Every structure is written in structure tokens, then in C-alpha cells.
Amino acid sequence: MSSFKIAIIGAGSVGFTKKLFTDILCVPEFRDVEFALTDLSEHNLGMIKSILDRIVESNNLPAKVTASTDRREAIAGARYIISCVRVGGLAAYADDIRIPLKYGVDQCVGDTICAGGILYGQRNIPVILDFCKDIRELAEPGAKFLNYANPMAMNTWAAIEYGKVDTIGLCHGVQHGAEQIAEILGAKDGELDYVCSGINHQTWFTDVRVKGRKIGKDELVAAFEAHPVFSQQEKLRIDVLKRFGVYSTESNGHLSEYLPWYRKRPEEITRWIDMSDWIHGETGGYLRYSTETRNWFETEFPQFLKDAEKPIDPARRSNEHASHILEALETGRVYRGHFNVKNNGVITNLPSDAIIESPGFVDRFGINMVAGITLPEACAATCISSINVQRMSVHAAISGDIDLLKLAVLHDPLVGAICTPEEVWQMVDEMVVAQAEWLPQYAHAIPAARERLSKATVKTRDWKGVARREVRSIDELRAEKDATKLKAAG
């Protein structure tokens, strides 16, 4: 088969780019593929290129690796474009967590919906549309855009509806949930089958079978409650299973942010979270983890280079969807996975314009979604609440309408369970002012927001005082960033 080009935007995410790269090279037909890496950080690009070059050399492959901070150069002629970017980095992300916490909105991750996820989408969507413009102008005709970046549904919605590019959103929540279910049921490789459907980060295992035998709610509940680890780490998730009748793909911490019942009172939160790891519900947990490990690849770089000398082992190919999708499209070998696409009636009781995550099959003809899925009513109701927020958030990001942005935040389930309209209006003003450098579509609205804040009447709390673990401030992160720049320059 003829070779082709893959562009990876945000390739400076060293560990994830290495995983995607080695996964793709596990496919025999892809040995001579060209990988074009692009990122804003020349330093990170240099690191990842050195690692990938070493893999190519050690495995005696004809694959080609290029790296450039010029995104358009990387996209030119590409058949597939993969994005794993975080617009604004940790500095902006700190505000996604820190500012809502002052208003009582307690988030563990804050990257999907809730106040943090909505503002994350406002930063990402203009950049996603820039990617799409480059793809339309420079990539191969019919090129596919594979989006790994959060907020998944909003980014994918914007790319399809406004970017006019063939886009697939990819996540690994379904795989991780299935691994848990296999473990509690003692299912071996190949014995677990399931249908999992909904929207990203609110996907539901509606049919679970082991060796063809259907597993009901009661058996799942009993197995989770008997597990020595999951019974403690996933208390909220198990409670939702008991009430909804189906298991969610998302971790205790993630799921708690999308529902209005578990994180709305500080004294209640401690009932549901587990502090053994951030992902089980810790306040600002992912920000803390990301901040503490943001330079992990610097210290691990020598080991990465050493590992790059080992032969590629197809048996160690990961369950990330990207390589399997490319293999199916290019070779015709059928792949079954779970993909984020526009609904268009696939899930019968969700809106047609929504971005769903649901089963599909890939072959040379593209992605063929399994149609006619109907979610349990409680699952559909929960998803629809989030979809309404996502829709308003996307439209606000496209139009730069700050009033619509405030309405989107007001309608978020968790925010609405905690904040008054006055608090929401002031919180959003504070967030857009703090993140102005990443929100060009709101430039016209920033001066008025700043003026309103100077006369603010809503009293906020000491965010450090209500956090169970300190959430680092944007000023601290920026100071560290500036110090690093000065050190590098010197």
C-alpha cells in the first residue's frame, strides 16, 4: 500500500505521542508512514523527536519523523491529523478550578462540563477552528481529524458543525470501565462483551455479558461491593449503579462533577470521595497531579531514550483507538470501538445534533455506527442536561456572546445546584478576565466585565480555605513559568 502522512498537533505531550507512534508502527503496513509533529514548545518537540527517531533507527524502519512549530507545515498533505492540545496550559487550568471554588463549585477534574470544562471549551474552540481551516486548505482531500483533546464533546461538535472537517472524537473511558467490570467478574481476555453508549464521560454499560451470559444490575452491584479496592474508590459510582441500574464509564471524581447531587455540600463530598488517588474525587485533584508531574518526562527522558532502543512489540499495542481506526480504514480489517460522532438518530432518545459516544465498526468505508440504541430514561435525562450545556457553550464560543456563556454555566447541573444567578454572572466575569489572553472572541466584552468586577457585590469564599488540598494559584504557576524561561535564556 502507498505511504501517507500523519500530523500530530500538541506532539509535545511526550508520553502520549510516543504511545500513539508505537501503536501505529505495530501495523505492518504502516512501517513507512510519515509522522509530522507540531507543538508550540520547541524544547518538547526536540525531546519527542529524539525518542521517535531512536525507535525508528533501532527497529530499522523506513518511517519518517519531522518536527516543526509551524502547524500548517505539519498539516500540509496529511491524511490524518491527531490533536491532543491543552490551550492555556496549567496557568489557565488553575483558574478553571480556583475561581469556581471561591463560589462553592468544587471540581475534581473540571475539563468536560461544569464551570471549568465550559471555560476550557471557550479557549479550545477558536483554536480547533484554526486547525480545521488548515486541514481544509492544506491536508489531503477528505482528511480525517482525530480529536483526543477535552472537552471532547464541545471540541468535536465545533469541528464538525463549524469547522466542516470529517472529525472523530476519541477517549479511553469505555476501555477503562470495561477493564474494571472484567476484573470484578473474573472475566478473562475475550470473555467480556458489552454495549456502552451515551455521551463522552457519561457513557453507560447498558448490556454486559460474560461468555454470552447476561450480567444484571444485582450481580454487578454485589461484585463491586465485594471488591476490596473498587468498593472504597468508587462509592459514588456504585451508588449511581444502584439507582440507575447501569454502570458508568467514568471515575468517581469525574462522574461526581456531572451530577447535581454529590458535590453540592462540602460535608456531603467526604462521604463519596476516596483520597487514595486524585481520580477518586479529590478537590482540584487533576490540577494538583498535573502540576506536580508536569515535568516528569524531563527526568524520565534518559529512560525513554533507552526504552526506544527496544524492538517494537505488537503484543504491547495499547487499546487507544487511533491506530486501530487507521488500520481499519487503510487495510479493511474491521475494528469495533466507541467513537464520538454527531448523533443523527443513532441514539434514539438523545438530540440529533448532540455529539454521542457509542459503538461503531470501522472498515475501508469509514465509521459505521450501531444505530437504534435507546438509553435507559435516567441515563438519557442526565445526558440531555449536559448536552444542553454543551450546545450553549459551543454557540457562545463561536459567537463570543458572554451572556450566552453565562447562561450555559447557569444551566450546568452542578453549578445550578450551588450558585445563584448573581454568583454565576460574577464568576464568569472573573474567569473571562483572568483568561482574557486565551479568549480572543470575548475581547470586546472584557472591559465591561472588568468594570463590573470592580463594583462586585457578591461575596466569595477563601478558596484555599475550602479546598481539601491546596489548589495552586495561577500567579504561582505563571511565576514558575517565567522563572523557567529566564533560566533557559541564561
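- Looking at an unreviewed UniProt entry, one finds the protein named Alpha-galactosidase and attributed to Pararhizobium polonicum.
- Regarding the protein, the UniProt comment filed under Sequence similarities (unreviewed entry) reads as follows: "Belongs to the glycosyl hydrolase 4 family."

## A look at the overall build of the protein
Inference 1: Along the backbone of the protein there are 22 helices and 13 strands.
Inference 2: For 490 residues, the compact-globule estimate of 2.2 N^0.38 gives 23 Å, and the C-alpha radius of gyration of the protein, at 22 Å, lies within 12% of that figure.
Inference 3: Dimensions of the protein along its principal axes, counting C-alpha atoms only, are 65 × 65 × 40 Å.
Inference 4: Looking at the protein residue by residue over its 490 residues, the buried ones come to 58%.
Inference 5: Sequence separation of at least 24 residues holds for 70% of the intrachain contacts in the protein that already meet a minimum separation of 6.
Inference 6: On the protein, the mean spot of the 57 positive side-chain charges and the mean spot of the 66 negative ones are 1 Å from each other.

## Let's talk about unusual backbone geometry
Inference 1: Between Asn150 and the following residue, Pro151, the backbone shows a cis peptide bond with an omega angle of -5°.
Inference 2: With a phi angle near 70°, His201 is a residue other than glycine that sits in the positive phi range.
Inference 3: Positionally, His201 belongs in the loop between strand E7 (192–199) and strand E8 (202–210).
Inference 4: Residue classification places His201 among the buried positions, given a relative accessible area of 3%.
Inference 5: The backbone of Lys211 sits at a positive phi, close to 50°, despite the residue not being glycine.
Inference 6: The exposure class of Lys211 is exposed, given its relative accessible area of 65%.

## What about the layout of surface pockets?
Inference 1: Empty space within the second largest pocket amounts to approximately 520 Å³.
Inference 2: As for the second largest pocket, its lining consists of 20 residues, of which Gln175, Ala178, Gly190, Leu192 and Tyr194 are closest to the centre.
Inference 3: Contributing elements (two or more residues each) for the lining of the second largest pocket: helix H7 (173–185), E7, helix H15 (321–331) and strand E11 (335–342).
Inference 4: Considering every element that reaches the lining of the second largest pocket, the biggest residue donor is H7, with five residues.
Inference 5: Taken together, the residues that form the lining of the second largest pocket break down as seven nonpolar, seven polar and six charged.

## Brief notes about the nonpolar core
Inference 1: Formed by 103 residues in total, the largest nonpolar core has its most connected members in Ile6, Ile51, Phe339, Leu350, Val415, Met427 and Val432.
Inference 2: By residue number, the principal contributor to this core is helix H16 (residues 377–399), which donates eight residues.
Inference 3: With residues near it in sequence (within four places) discarded, Ile51 still touches Val14, Lys18, Phe301, Phe304, Leu305 and Ala308.
Inference 4: Formed by 21 residues, the second largest nonpolar core is a distinct cluster that contains Val174, Ile181, Leu192 and Tyr247.

## Digging into the UniProt feature "binding site: Mn(2+)" (unreviewed entry) in the protein
Inference 1: Taking the UniProt record as the reference, the feature "binding site: Mn(2+)" (unreviewed entry) is found at Cys171 and His201. For this annotated set, covering 31 residues, all C-alpha atoms fall within 8.7 Å of each other, a compact arrangement in space.
Inference 2: Relative to the elements of secondary structure, Cys171 occurs in the loop between strand E6 (166–169) and H7.
Inference 3: Setting aside chain neighbours within four positions, we find Cys171 in contact with Met152, Asn200, His201, His321, Asn340 and Glu357.

## Thoughts on the environment of Glu320
Inference 1: Residue placement: Glu320 occurs in the loop between helix H14 (296–307) and H15.
Inference 2: The class of Glu320 is buried, set by a relative accessible area of 3%.
Inference 3: C-alpha of Glu320 to C-alpha of Pro266: the two residues are 54 residues apart in sequence and 36 Å apart in space.
Inference 4: In this structure Glu320 touches Phe16, Lys19, Asp23, Tyr148, His172 and Gln175, once residues within four positions along its chain are discounted.
Inference 5: Reaching out from Glu320, the side chain makes a polar contact with the side chain of His172 at a distance of 2.7 Å.

## Description of helix H4 (residues 89–102)
Inference 1: Over its 14 residues, H4 extends 21 Å from the first C-alpha to the last, a length consistent with the 20 Å expected when each residue adds 1.5 Å.
Inference 2: Counting buried positions over the 14 residues of H4 gives 13, a clear majority of the element.

## Describing the packing of helix H1 (residues 14–25) against helix H2 (residues 42–58)
Inference 1: One way to put it is that H1 packs onto H2 with a least axis distance of 10 Å and a crossing angle of 30°. With respect to H2, the element H1 is oriented roughly parallel. The handedness of the crossing between H1 and H2 comes out as right-handed. Residue-level inspection shows Val14, Thr17, Lys18, Phe21 and Thr22 of H1 in contact with H2, the latter providing Asn44, Ile48, Ile51, Leu52, Ile55 and Val56.
Inference 2: Grouping the amino acids of the contact of H1 with H2 by side-chain chemistry returns seven nonpolar, three polar and one charged.

## Topic: the pairing of E6
Inference 1: Direction of pairing for strand E5 (residues 144–147) relative to E6: parallel, over a ladder of four bridges. Bridging across to E6, Lys144 finds its partner in Asp166.
Inference 2: At this point the chain moves from E5, through helix H6 (residues 152–161), to the parallel E6, and the crossover so formed is right-handed.

## Focus on the environment of Pro421
Inference 1: Note that Pro421 resides in helix H19 (residues 421–434).
Inference 2: Once the C-alpha coordinates of Pro421 and Lys406 are considered, the two residues, 15 residues apart in sequence, prove to be 8.9 Å apart.

## Observations concerning the packing of helix H5 (residues 114–138) against H16
Inference 1: The interhelical angle for the contact between H5 and H16, taken along N-to-C directions, is 50°, at an axis separation of 9 Å. One element, H5, and the other, H16, form an angle in the oblique class. Helix-helix and strand crossings are classified by hand; for H5 and H16 the assignment is right-handed. Contacts between H5 and H16 pair Ile118, Gly121, Gln122, Ile125 and Leu129 from the former with Val389, Ser393, Val394, Ala396, Ala397 and Ile398 from the latter.
Inference 2: A per-class count over the contact of H5 with H16 returns eight nonpolar, three polar and no charged.

## Side note on the pattern of salt bridges
Inference 1: Counted by the stated rule, this structure contains 32 salt bridges.
Inference 2: Close ionic contact of Asp166 with Lys144 constitutes a salt bridge, the shortest N to O distance being 3.0 Å. Pair noted here: Asp166 is in strand E6 and Lys144 is in strand E5, with a separation of 22 residues, a long-range link.
Inference 3: The closest approach of N and O atoms between Arg288 and Glu282, which form a salt bridge, is 2.6 Å. The same class applies to Arg288 as to Glu282, namely buried.
Inference 4: Sharing partners across several salt bridges, the network here consists of Arg71, Arg72, Lys133, Asp134 and Glu137.

Rules of the game
Residues numbered from 1 in each chain as written. Predicted model: local features only at pLDDT ≥ 70, side-chain atom pairs only at ≥ 80, totals over all residues. Heavy atoms only, no water. UniProt positions renumbered as here; feature names shortened; annotations may be inferred. Helix = DSSP H or I, 4+ residues; strand = E, 2+ residues; numbered from the N terminus. Rg over C-alpha atoms; globule rule 2.2 N^0.38 Å. Buried < 20%, exposed > 50% of the residue type's maximum accessible area, 1.4 Å probe, protein only. Contact = heavy atoms within 4.5 Å. Lys, Arg positive; Asp, Glu negative; His and termini not counted. Charge placed at Lys NZ, Arg CZ, Asp CG, Glu CD. 1 Å grid on protein atoms, 1.4 Å probe; cavity = no way out; pocket = protein on both sides within 12 Å on 5 of 7 lines; lining within 4 Å. Points joined across faces, edges and corners; volume = space filled by probe spheres on them. Nonpolar A, V, L, I, M, F, W, Y, C, P; charged D, E, K, R; others polar. Core = buried A, V, L, I, M, F, W, Y, C linked by side-chain atoms within 4.5 Å. Polar contact = N/O pair within 3.5 Å; in protein donor to acceptor, adjacent residues only side chain to side chain. Expected span 1.5 Å × (residues − 1). Axes fitted to C-alpha atoms, helices over the stretch in contact; angles between N-to-C directions. Parallel < 35°, antiparallel > 145°, perpendicular 65-115°, else oblique. Left-handed = near helix turned anticlockwise from the far one by under 90°. Pairing = 2+ DSSP bridges. Right-handed = clockwise from strand over helix to strand, strands pointing away. Salt bridge = Lys/Arg side-chain N within 4 Å of Asp/Glu carboxyl O.

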